[in-house]
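# Residue-level structural notes
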Amino acid sequence: MIVEEAGEYLAAMERAGLQPIFLAAPTSPDARLEAIATHSKGFVYAISRVGITGTQQNLTSDAASLVARIRRWTKLPVAVGFGISNSEHVAQVGEFADAAVIGSAIVGLIERSTPETAPDEVARFIKGLRLQVAALAR
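Residues numbered from 1 in each chain as written. Predicted model: local features only at pLDDT ≥ 70, side-chain atom pairs only at ≥ 80, totals over all residues. Heavy atoms only, no water.

### A closer look at the nonpolar core
With 25 residues, the main nonpolar core has A46, I70, V80 and I102 as its most contacted residues. Listing elements by their share of this core, those giving two or more residues are α2 (30–39), β2 (44–47), α3 (62–70), β3 (78–81), α4 (87–94), α5 (104–112) and α6 (118–137). Per-element tally for this core: the top contributor is α3, with 4 residues. Ignoring anything within four residues of it in the chain, the contact list for V80 reads A46, S48, A63, V67, V93, F96, A97, A99, A100 and V101. (Core = buried A, V, L, I, M, F, W, Y, C linked by side-chain atoms within 4.5 Å. Buried < 20%, exposed > 50% of the residue type's maximum accessible area, 1.4 Å probe, protein only. Helix = DSSP H or I, 4+ residues; strand = E, 2+ residues; numbered from the N terminus. Contact = heavy atoms within 4.5 Å.)

This is how it looks when you write it as structure tokens:
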């Protein structure tokens, strides 16, 4: 839902005690980013690139500048997602954002797993990311 049309949604979220999260795109004008930052609770979700989500080989340079723009209007943590799929991406995002969102890579891993093995496969993937990011940081 776009923030400009979220009045009823925001009221319902408030009544339910839930925190709305809006997506901020590199193409968003400053007025929209300000509204997203104002109405998001918990964190702001910055999408690293325009287009569809999915695993990517490289991050775009738009993500860092988008995070900097968002920080003009909020002290909330900023998470970057869309195309984040490996430890190098997580390390890059960690240089300018508070969190990295890895969705499609985990969904793909689950799809390739059985119901019995999926939890362990996801745990192994996340542990591997942590170890690789720590090694990259050294």
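### Let's talk about the packing of α5 against α6
Contact pair α5 / α6: the axes reach a minimum separation of 9 Å and the direction vectors enclose 145°. Our pair here, α5 against α6, has a crossing hand that is right-handed. In this structure, α5 uses A105, I106, L109 and I110 to contact α6, whose residues at the interface are A118, E121, V122, F125 and I126. (Axes fitted to C-alpha atoms, helices over the stretch in contact; angles between N-to-C directions. Left-handed = near helix turned anticlockwise from the far one by under 90°.)

### Looking at the pairing of β2
Of the two faces of β2, the one carrying V44 and A46 and the one carrying Y45 and I47 are both buried. Across 2 bridges, strand β1 (residues 23–24) lies against β2 in parallel orientation. Residue L23 lies in a different strand from β2, and its bridge partner there is Y45. Tracing the backbone out of β1, into α2 and back to the parallel element β2 gives a crossover that is right-handed. Inspection of the sheet shows β2 paired to β3 by 4 bridges, in the parallel sense. Bridge assignment links I47 to a residue of β3, and that residue is G81. (Pairing = 2+ DSSP bridges. Right-handed = clockwise from strand over helix to strand, strands pointing away.)

### Here we look at the side chain of S48
Here S48 is to be found in the loop between β2 and α3. Residue classification places S48 among the buried positions, given a relative accessible area of 1%. Among the polar contacts made by the side chain of S48, one reaches the main-chain carbonyl oxygen of F82 at a distance of 2.3 Å. (Polar contact = N/O pair within 3.5 Å; in protein donor to acceptor, adjacent residues only side chain to side chain.)

### Describing the environment of P29
Relative to the helices and strands, P29 is located in the loop between β1 and α2. When the C-alpha positions of P29 and R69 are compared, they lie 9.9 Å apart, and in sequence the two are 40 residues distant.

### Describing the sheet that holds strand β4 (residues 99–100)
In spatial order, the strands read β1-β2-β3-β4; together these 4 strands make up an open sheet with parallel pairing. Only two strands of the sheet have a single partner each, and these edge strands are β1 and β4. Lying over the sheet, α3 contacts β1, β2 and β3, oriented at roughly 150° with respect to β2.

### Some words on the confidence of the model for the protein
Per-chain confidence: the protein averages 89 in pLDDT, with 91% of residues scoring 70 or above. Model confidence for the protein, summarised as mean pLDDT per element, is weakest for α6 at 88 and strongest for α2 at 97. (pLDDT = per-residue confidence, 0-100.)

### Quick look at the packing of aromatic side chains
Each aromatic ring pair is summarised here by two numbers: the centre-to-centre distance and the angle between the ring planes. In the structure shown here, the tally under the stated rule is 2 aromatic pairs. The interplanar angle of 80° and the centroid separation of 6.0 Å between the aromatic rings of Y9 and F22 together place this pair among those described as edge-to-face. With Y9 in helix α1 (residues 7–16) and F22 in the loop between α1 and β1, this pair connects stretches of sequence that are 13 residues apart. A residue is classified by how much of its surface remains accessible, and F22, at 2% relative accessible area, is buried. Between Y45 and F82, the ring centres sit 6.1 Å apart and the planes meet at 90°, which makes this aromatic pair edge-to-face. In this pair, Y45 sits in strand β2 while F82 sits in the loop between β3 and α4, placing the two residues 37 residues apart along the sequence. Take Y45 and F82: they sit in the same class, and that class is buried. (Phe/Tyr/Trp six-rings, centres within 6.5 Å; stacked < 30°, edge-to-face > 60°.)

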